[in-house]
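Survey of secondary and tertiary structure
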Amino acid sequence: MIVLGIESSCDETAAAVVRDGRQVCSSVVASQVAVHHPYGGVVPELASRKHIEAIVPVVDQAIGEAGVDAGAIDGVAVTQGPGLIGSLLVGFSFAKGFAYGHRIPWIGVDHLEAHINSVFLEADPPSFPFVALLVSGGHTSIYHVTSHRDFHPMGQTRDDAAGEAYDKVAKMLGLGYPGGGVIDRLAAQGDPTRIAFTRPFLDRKQFDFSFSGIKSAVMRHLQLHPDPGPEDQAHIAAGFQAAVVEVLTEKIIHAAKAKDCAHLAVVGGVAANQGLRRAITRDAGAAGIQVHIPAIDLCGDNAAMVAVVGYHRLAAGEHSGMDDDVYSRIKFRPA
Ligand code: KG4
Ligand code: ZN
(Lines give C-alpha, C1' and ligand atoms only; values in the text may rest on other atoms or scores of the structure.)
(Ligands and ions follow the chains in the order given, each with its own letter.)
Protein backbone atom coordinates (compact mmCIF):
# COMPACT_ATOMS: atom_id res chain seq x y z
CA MET A 1 0.00 0.00 0.00
CA ILE A 2 1.36 3.43 -0.99
CA VAL A 3 0.49 6.22 1.47
CA LEU A 4 1.01 9.94 1.01
CA GLY A 5 1.82 11.54 4.37
CA ILE A 6 1.29 15.25 5.09
CA GLU A 7 2.48 17.21 8.15
CA SER A 8 1.90 20.91 8.91
CA SER A 9 1.38 21.09 12.69
CA CYS A 10 4.01 23.73 13.43
CA ASP A 11 6.64 25.40 11.25
CA GLU A 12 7.52 22.62 8.81
CA THR A 13 5.51 21.83 5.69
CA ALA A 14 6.22 18.20 4.93
CA ALA A 15 5.05 15.49 2.54
CA ALA A 16 6.27 11.92 2.07
CA VAL A 17 5.45 8.81 0.11
CA VAL A 18 5.84 5.60 2.12
CA ARG A 19 5.28 2.02 0.93
CA ASP A 20 3.71 -0.51 3.34
CA GLY A 21 4.49 1.65 6.39
CA ARG A 22 8.18 0.72 6.13
CA GLN A 23 9.88 2.00 2.99
CA VAL A 24 10.37 5.75 2.55
CA CYS A 25 10.10 6.48 -1.20
CA SER A 26 10.44 10.23 -0.60
CA SER A 27 10.37 12.65 2.35
CA VAL A 28 10.32 16.39 1.72
CA VAL A 29 10.50 18.91 4.58
CA ALA A 30 10.21 22.64 3.86
CA SER A 31 11.37 24.47 6.98
CA GLN A 32 10.15 27.96 7.86
CA VAL A 33 13.09 28.65 10.18
CA ALA A 34 14.17 31.74 8.21
CA VAL A 35 10.66 33.24 8.54
CA HIS A 36 10.47 32.89 12.32
CA HIS A 37 14.15 33.43 13.14
CA PRO A 38 13.88 37.23 13.61
CA TYR A 39 11.10 36.72 16.20
CA GLY A 40 12.94 34.11 18.28
CA GLY A 41 10.03 31.67 18.01
CA VAL A 42 7.17 30.52 15.77
CA VAL A 43 4.63 33.23 14.85
CA PRO A 44 1.38 31.25 14.24
CA GLU A 45 -0.14 33.59 11.62
CA LEU A 46 3.07 33.67 9.57
CA ALA A 47 3.32 29.89 9.85
CA SER A 48 -0.19 29.36 8.40
CA ARG A 49 0.52 31.68 5.48
CA LYS A 50 3.80 29.92 4.67
CA HIS A 51 2.08 26.51 4.79
CA ILE A 52 -0.44 27.75 2.22
CA GLU A 53 2.40 28.79 -0.11
CA ALA A 54 4.38 25.59 0.40
CA ILE A 55 1.82 22.79 0.53
CA VAL A 56 1.27 22.24 -3.23
CA PRO A 57 4.95 22.41 -4.29
CA VAL A 58 6.00 20.20 -1.35
CA VAL A 59 3.43 17.50 -2.16
CA ASP A 60 4.34 17.70 -5.88
CA GLN A 61 8.01 17.28 -5.01
CA ALA A 62 7.34 14.30 -2.73
CA ILE A 63 5.29 12.50 -5.39
CA GLY A 64 7.88 13.39 -8.07
CA GLU A 65 10.85 12.17 -6.01
CA ALA A 66 9.04 8.93 -5.14
CA GLY A 67 8.75 8.23 -8.87
CA VAL A 68 5.10 7.19 -8.55
CA ASP A 69 2.07 8.39 -10.42
CA ALA A 70 -0.38 10.35 -8.24
CA GLY A 71 -2.99 7.79 -9.32
CA ALA A 72 -0.94 5.00 -7.69
CA ILE A 73 -1.40 6.46 -4.20
CA ASP A 74 -3.74 4.26 -2.15
CA GLY A 75 -4.45 6.63 0.74
CA VAL A 76 -3.54 9.88 2.49
CA ALA A 77 -2.46 10.34 6.12
CA VAL A 78 -2.36 13.82 7.61
CA THR A 79 -1.54 15.29 11.01
CA GLN A 80 -4.79 16.19 12.80
CA GLY A 81 -3.29 17.48 16.08
CA PRO A 82 -1.93 18.58 18.45
CA GLY A 83 -0.40 21.73 17.00
CA LEU A 84 -1.19 25.24 15.79
CA ILE A 85 -4.77 25.29 14.52
CA GLY A 86 -4.11 27.54 11.52
CA SER A 87 -1.11 25.47 10.48
CA LEU A 88 -2.87 22.13 10.96
CA LEU A 89 -5.85 23.30 8.91
CA VAL A 90 -3.70 23.87 5.82
CA GLY A 91 -2.41 20.29 5.63
CA PHE A 92 -5.70 18.82 6.84
CA SER A 93 -7.86 20.64 4.27
CA PHE A 94 -5.38 19.85 1.52
CA ALA A 95 -5.45 16.16 2.43
CA LYS A 96 -9.25 16.07 2.36
CA GLY A 97 -9.27 17.72 -1.07
CA PHE A 98 -6.53 15.46 -2.45
CA ALA A 99 -8.27 12.30 -1.24
CA TYR A 100 -11.67 13.45 -2.49
CA GLY A 101 -10.23 14.38 -5.89
CA HIS A 102 -8.46 11.03 -6.28
CA ARG A 103 -11.32 9.04 -4.71
CA ILE A 104 -9.05 7.42 -2.13
CA PRO A 105 -9.43 7.07 1.67
CA TRP A 106 -7.67 9.45 4.03
CA ILE A 107 -7.03 9.49 7.76
CA GLY A 108 -6.18 12.09 10.43
CA VAL A 109 -3.17 11.12 12.56
CA ASP A 110 -1.99 12.21 16.01
CA HIS A 111 1.38 13.99 15.84
CA LEU A 112 2.76 12.29 18.98
CA GLU A 113 1.70 8.86 17.75
CA ALA A 114 3.50 9.69 14.50
CA HIS A 115 6.74 10.58 16.33
CA ILE A 116 6.56 7.31 18.29
CA ASN A 117 6.02 5.34 15.08
CA SER A 118 9.00 7.03 13.39
CA VAL A 119 11.23 4.21 14.75
CA PHE A 120 9.47 1.75 12.43
CA LEU A 121 11.17 3.42 9.47
CA GLU A 122 14.51 2.15 10.73
CA ALA A 123 16.07 -1.06 9.40
CA ASP A 124 15.88 -2.70 12.83
CA PRO A 125 12.65 -1.55 14.52
CA PRO A 126 11.77 -2.39 18.15
CA SER A 127 9.45 -5.21 19.12
CA PHE A 128 6.44 -4.59 21.36
CA PRO A 129 6.22 -3.76 24.15
CA PHE A 130 8.84 -1.01 24.45
CA VAL A 131 9.20 2.30 26.24
CA ALA A 132 9.53 5.53 24.26
CA LEU A 133 11.02 8.86 25.24
CA LEU A 134 9.36 11.57 23.17
CA VAL A 135 11.48 14.73 23.35
CA SER A 136 10.58 17.69 21.16
CA GLY A 137 9.99 21.43 21.25
CA GLY A 138 6.46 20.96 22.57
CA HIS A 139 6.56 17.66 24.48
CA THR A 140 8.71 15.61 26.83
CA SER A 141 7.03 12.36 27.84
CA ILE A 142 7.67 8.69 28.45
CA TYR A 143 5.24 6.09 27.08
CA HIS A 144 4.79 2.37 27.43
CA VAL A 145 4.07 1.32 23.85
CA THR A 146 2.19 -1.95 23.42
CA SER A 147 1.17 -1.70 19.73
CA HIS A 148 1.41 0.75 16.82
CA ARG A 149 -1.57 2.60 18.28
CA ASP A 150 -1.53 1.89 22.02
CA PHE A 151 0.82 4.05 24.04
CA HIS A 152 0.28 4.66 27.71
CA PRO A 153 1.76 7.79 29.33
CA MET A 154 4.15 6.99 32.21
CA GLY A 155 5.36 10.55 32.82
CA GLN A 156 5.68 13.97 31.26
CA THR A 157 7.17 17.37 31.87
CA ARG A 158 5.47 19.51 34.48
CA ASP A 159 6.67 22.73 32.85
CA ASP A 160 8.92 23.25 29.80
CA ALA A 161 9.62 20.65 27.14
CA ALA A 162 13.31 19.72 26.76
CA GLY A 163 13.49 21.31 23.30
CA GLU A 164 11.89 24.47 24.64
CA ALA A 165 14.63 24.66 27.31
CA TYR A 166 17.27 24.25 24.59
CA ASP A 167 15.66 27.04 22.57
CA LYS A 168 15.44 29.37 25.58
CA VAL A 169 19.04 28.78 26.66
CA ALA A 170 20.20 29.42 23.09
CA LYS A 171 18.23 32.67 23.12
CA MET A 172 19.85 33.72 26.44
CA LEU A 173 23.26 33.07 24.89
CA GLY A 174 22.30 35.08 21.80
CA LEU A 175 22.60 32.03 19.54
CA GLY A 176 19.30 32.45 17.65
CA TYR A 177 16.32 30.16 17.06
CA PRO A 178 15.87 27.20 17.08
CA GLY A 179 18.70 26.51 19.50
CA GLY A 180 18.94 22.74 19.92
CA GLY A 181 21.43 22.03 17.16
CA VAL A 182 23.61 25.05 18.01
CA ILE A 183 23.83 24.18 21.72
CA ASP A 184 24.57 20.54 20.81
CA ARG A 185 27.53 21.56 18.60
CA LEU A 186 28.80 24.11 21.12
CA ALA A 187 28.52 21.61 23.98
CA ALA A 188 30.96 19.31 22.16
CA GLN A 189 33.64 22.03 22.52
CA GLY A 190 33.03 22.74 26.22
CA ASP A 191 33.81 21.05 29.53
CA PRO A 192 30.59 19.56 30.99
CA THR A 193 32.05 19.52 34.51
CA ARG A 194 33.10 23.20 34.61
CA ILE A 195 29.65 24.51 35.61
CA ALA A 196 27.38 22.14 37.54
CA PHE A 197 23.75 22.94 36.73
CA THR A 198 20.91 21.46 38.79
CA ARG A 199 19.55 17.98 37.88
CA PRO A 200 15.81 18.04 38.54
CA PHE A 201 15.07 14.33 38.96
CA LEU A 202 11.98 15.08 41.06
CA ASP A 203 11.09 11.66 42.42
CA ARG A 204 13.61 9.14 41.03
CA LYS A 205 10.94 6.45 40.98
CA GLN A 206 8.60 8.60 38.88
CA PHE A 207 8.86 9.58 35.23
CA ASP A 208 7.80 13.23 35.31
CA PHE A 209 10.29 15.88 34.24
CA SER A 210 10.93 19.54 35.01
CA PHE A 211 13.21 21.70 32.88
CA SER A 212 12.37 25.21 34.00
CA GLY A 213 14.82 24.90 36.94
CA ILE A 214 17.81 24.17 34.66
CA LYS A 215 16.78 27.06 32.44
CA SER A 216 16.60 29.43 35.45
CA ALA A 217 19.98 28.15 36.68
CA VAL A 218 21.52 29.14 33.33
CA MET A 219 19.84 32.55 33.61
CA ARG A 220 21.22 33.07 37.14
CA HIS A 221 24.68 32.04 35.98
CA LEU A 222 24.50 34.62 33.18
CA GLN A 223 23.38 37.31 35.64
CA LEU A 224 26.46 36.61 37.77
CA HIS A 225 28.80 36.16 34.78
CA PRO A 226 27.40 38.35 31.99
CA ASP A 227 28.64 38.46 28.38
CA PRO A 228 30.47 35.12 28.22
CA GLY A 229 33.14 34.76 25.52
CA PRO A 230 33.09 31.82 23.08
CA GLU A 231 34.96 29.53 25.48
CA ASP A 232 32.62 30.23 28.42
CA GLN A 233 29.61 29.88 26.12
CA ALA A 234 30.84 26.38 25.25
CA HIS A 235 31.21 25.48 28.95
CA ILE A 236 27.68 26.75 29.68
CA ALA A 237 26.28 24.75 26.72
CA ALA A 238 28.19 21.64 27.83
CA GLY A 239 27.05 21.98 31.47
CA PHE A 240 23.42 22.55 30.44
CA GLN A 241 23.45 19.65 27.99
CA ALA A 242 25.05 17.32 30.56
CA ALA A 243 22.26 18.09 33.04
CA VAL A 244 19.43 17.57 30.52
CA VAL A 245 20.98 14.42 29.03
CA GLU A 246 21.61 12.84 32.45
CA VAL A 247 17.97 13.26 33.53
CA LEU A 248 16.51 12.04 30.21
CA THR A 249 18.88 9.06 30.05
CA GLU A 250 18.37 7.91 33.62
CA LYS A 251 14.56 8.17 33.44
CA ILE A 252 14.06 6.30 30.18
CA ILE A 253 16.37 3.46 31.23
CA HIS A 254 14.60 3.28 34.59
CA ALA A 255 11.25 3.19 32.72
CA ALA A 256 12.44 0.28 30.55
CA LYS A 257 13.47 -1.63 33.67
CA ALA A 258 10.20 -0.78 35.47
CA LYS A 259 8.18 -2.21 32.55
CA ASP A 260 10.62 -5.06 31.98
CA CYS A 261 11.16 -3.95 28.37
CA ALA A 262 14.16 -5.15 26.36
CA HIS A 263 13.74 -2.27 23.89
CA LEU A 264 13.56 1.50 24.21
CA ALA A 265 13.02 4.23 21.62
CA VAL A 266 13.98 7.90 21.58
CA VAL A 267 11.96 10.09 19.19
CA GLY A 268 11.22 13.78 18.45
CA GLY A 269 13.38 16.76 17.50
CA VAL A 270 15.68 16.49 20.54
CA ALA A 271 16.42 12.84 19.66
CA ALA A 272 18.76 14.38 17.06
CA ASN A 273 21.00 15.48 19.96
CA GLN A 274 24.41 13.84 19.67
CA GLY A 275 25.10 13.90 23.42
CA LEU A 276 21.72 12.27 24.16
CA ARG A 277 22.12 9.60 21.46
CA ARG A 278 25.57 8.69 22.81
CA ALA A 279 24.57 8.62 26.50
CA ILE A 280 21.42 6.54 26.01
CA THR A 281 23.12 4.10 23.65
CA ARG A 282 26.01 3.64 26.12
CA ASP A 283 23.96 3.32 29.33
CA ALA A 284 21.13 1.24 27.88
CA GLY A 285 23.70 -1.04 26.24
CA ALA A 286 25.33 -1.57 29.64
CA ALA A 287 21.91 -2.48 31.05
CA GLY A 288 21.22 -4.96 28.21
CA ILE A 289 18.48 -2.82 26.66
CA GLN A 290 18.31 -2.37 22.89
CA VAL A 291 18.09 1.26 21.75
CA HIS A 292 16.14 2.53 18.71
CA ILE A 293 16.63 6.11 17.55
CA PRO A 294 15.50 7.28 14.09
CA ALA A 295 17.96 8.74 11.58
CA ILE A 296 18.51 12.47 12.23
CA ASP A 297 16.15 13.62 9.45
CA LEU A 298 13.30 11.52 10.88
CA CYS A 299 13.69 12.94 14.42
CA GLY A 300 12.31 16.41 13.68
CA ASP A 301 8.87 16.95 12.19
CA ASN A 302 8.39 15.02 8.94
CA ALA A 303 5.58 13.39 7.00
CA ALA A 304 7.05 9.89 6.65
CA MET A 305 6.21 9.15 10.30
CA VAL A 306 2.63 10.33 9.65
CA ALA A 307 2.38 7.92 6.71
CA VAL A 308 3.49 5.00 8.96
CA VAL A 309 0.54 5.54 11.32
CA GLY A 310 -1.76 6.13 8.34
CA TYR A 311 -0.71 2.86 6.77
CA HIS A 312 -1.61 0.81 9.86
CA ARG A 313 -4.95 2.58 10.28
CA LEU A 314 -5.95 2.44 6.61
CA ALA A 315 -4.87 -1.21 6.35
CA ALA A 316 -7.22 -1.94 9.28
CA GLY A 317 -10.07 -0.38 7.27
CA GLU A 318 -10.28 2.90 9.23
CA HIS A 319 -10.66 6.30 7.62
CA SER A 320 -11.65 9.85 8.53
CA GLY A 321 -14.73 11.71 7.32
CA MET A 322 -15.23 15.08 5.68
CA ASP A 323 -16.72 16.48 8.94
CA ASP A 324 -13.58 15.68 10.97
CA ASP A 325 -11.67 18.65 12.35
CA VAL A 326 -8.18 19.41 13.69
CA TYR A 327 -7.38 19.69 17.43
CA SER A 328 -4.80 21.86 19.16
CA ARG A 329 -4.17 20.07 22.45
CA ILE A 330 -2.75 16.73 23.42
CA LYS A 331 -5.29 13.92 23.64
CA PHE A 332 -4.56 11.97 26.78
CA ARG A 333 -5.35 8.33 26.71
CA PRO A 334 -6.11 6.26 29.79
CA ALA A 335 -2.94 4.70 31.23
O1 KG4 B 1 9.91 17.40 16.87
P2 KG4 B 1 10.25 18.81 16.50
O3 KG4 B 1 10.82 19.06 15.12
O4 KG4 B 1 8.99 19.73 16.65
C5 KG4 B 1 8.07 19.60 17.68
O6 KG4 B 1 7.12 18.78 17.52
O7 KG4 B 1 8.26 20.29 18.70
O8 KG4 B 1 11.28 19.35 17.62
C9 KG4 B 1 11.85 20.63 17.56
C10 KG4 B 1 12.75 20.83 18.76
C11 KG4 B 1 13.29 22.28 18.90
O12 KG4 B 1 13.06 22.71 20.23
C13 KG4 B 1 14.78 22.13 18.60
O14 KG4 B 1 15.59 23.08 19.28
C15 KG4 B 1 15.06 20.73 19.09
O16 KG4 B 1 13.92 19.99 18.67
N17 KG4 B 1 16.28 20.17 18.51
C18 KG4 B 1 17.34 19.78 19.26
C19 KG4 B 1 18.34 19.35 18.35
N20 KG4 B 1 17.84 19.47 17.08
C21 KG4 B 1 16.57 19.97 17.20
N22 KG4 B 1 17.54 19.80 20.59
C23 KG4 B 1 18.73 19.36 21.06
N24 KG4 B 1 19.73 18.95 20.25
C25 KG4 B 1 19.60 18.90 18.89
N26 KG4 B 1 20.58 18.47 18.12
ZN1 ZN C 1 7.03 17.15 16.45
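Anything mentioned here points back to the structure above.
To keep things clear, this report deals only with the structure shown in the data block.

The rules behind these values
Residues numbered from 1 in each chain as written. Chains lettered and ligands numbered in written order. Predicted model: local features only at pLDDT ≥ 70, side-chain atom pairs only at ≥ 80, totals over all residues. Heavy atoms only, no water. Helix = DSSP H or I, 4+ residues; strand = E, 2+ residues; numbered from the N terminus. Contact = heavy atoms within 4.5 Å. Near = heavy atom within 4 Å. Polar contact = N/O pair within 3.5 Å; in protein donor to acceptor, adjacent residues only side chain to side chain. 1 Å grid on protein atoms, 1.4 Å probe; cavity = no way out; pocket = protein on both sides within 12 Å on 5 of 7 lines; lining within 4 Å. Sits in = over half its atoms within 2 Å of the grid points. Nonpolar A, V, L, I, M, F, W, Y, C, P; charged D, E, K, R; others polar. Phe/Tyr/Trp six-rings, centres within 6.5 Å; stacked < 30°, edge-to-face > 60°. Donors = N, O, S within 2.8 Å, 3.2 Å for Na, K, Ca; no water. Tetrahedral: all angles 85-135°; square planar, octahedral: opposite > 155°, others 65-115°. Buried < 20%, exposed > 50% of the residue type's maximum accessible area, 1.4 Å probe, protein only.

Moving on, we get to the environment of Leu46. Mapped onto the elements, Leu46 comes out in helix α2 (residues 44-66). Aside from chain neighbours lying at most four places away, what touches Leu46 is Gln32, Val35, His36 and Tyr39.

Now for the site of ligand 1. Close to ligand 1 lie 19 residues; Gly137, Asp167, Gly269, Asn273 and Asp301 are nearest. Between Asp184 and ligand 1, the recorded distance is 3.1 Å, taken from a side-chain N or O atom to a nitrogen atom. Interatomic distance of 3.0 Å between a backbone N/O atom of Gly269 and an oxygen atom of ligand 1. Because more than half of its atoms lie within 2 Å of the grid, ligand 1 is assigned to the largest pocket. Residue classes in the shell around ligand 1 are distributed as 4 nonpolar, 12 polar and 3 charged.

Turning to the packing of aromatic side chains, a few remarks are in order. Across all of its chains, the model carries 8 aromatic pairs by this definition. Ring centres 5.0 Å apart and planes at 75° place the aromatic pair Tyr166 and Phe240 in the edge-to-face group. Of this pair, Tyr166 sits in helix α5 (residues 162-172) while Phe240 sits in helix α8 (residues 230-258), and the two are 74 residues apart along the sequence. With a centroid separation of 5.8 Å and 15° between ring planes, the pair formed by Phe209 and Phe211 is classed as stacked.

It is worth spelling out the coordination of the zinc ion (ligand 2) at this point. Those protein atoms acting as donors to the zinc ion (ligand 2) are His111 (NE2), His115 (NE2) and Asp301 (OD), and they sit at 2.1 to 2.2 Å. Angles of 94 to 144° at the metal separate the 4 donor atoms of the zinc ion (ligand 2), which places the site in the irregular class. Along the chain, the residues donating to the zinc ion (ligand 2) fall in the pattern H-x3-H-x185-D. Placement of His115 in helix α4 (residues 111-117) and of Asp301 in the loop between β10 (290-292) and α10 (304-315) is noted, with a sequence separation of 186 residues between them. Just as His115 is buried, Asp301 falls in that class too.

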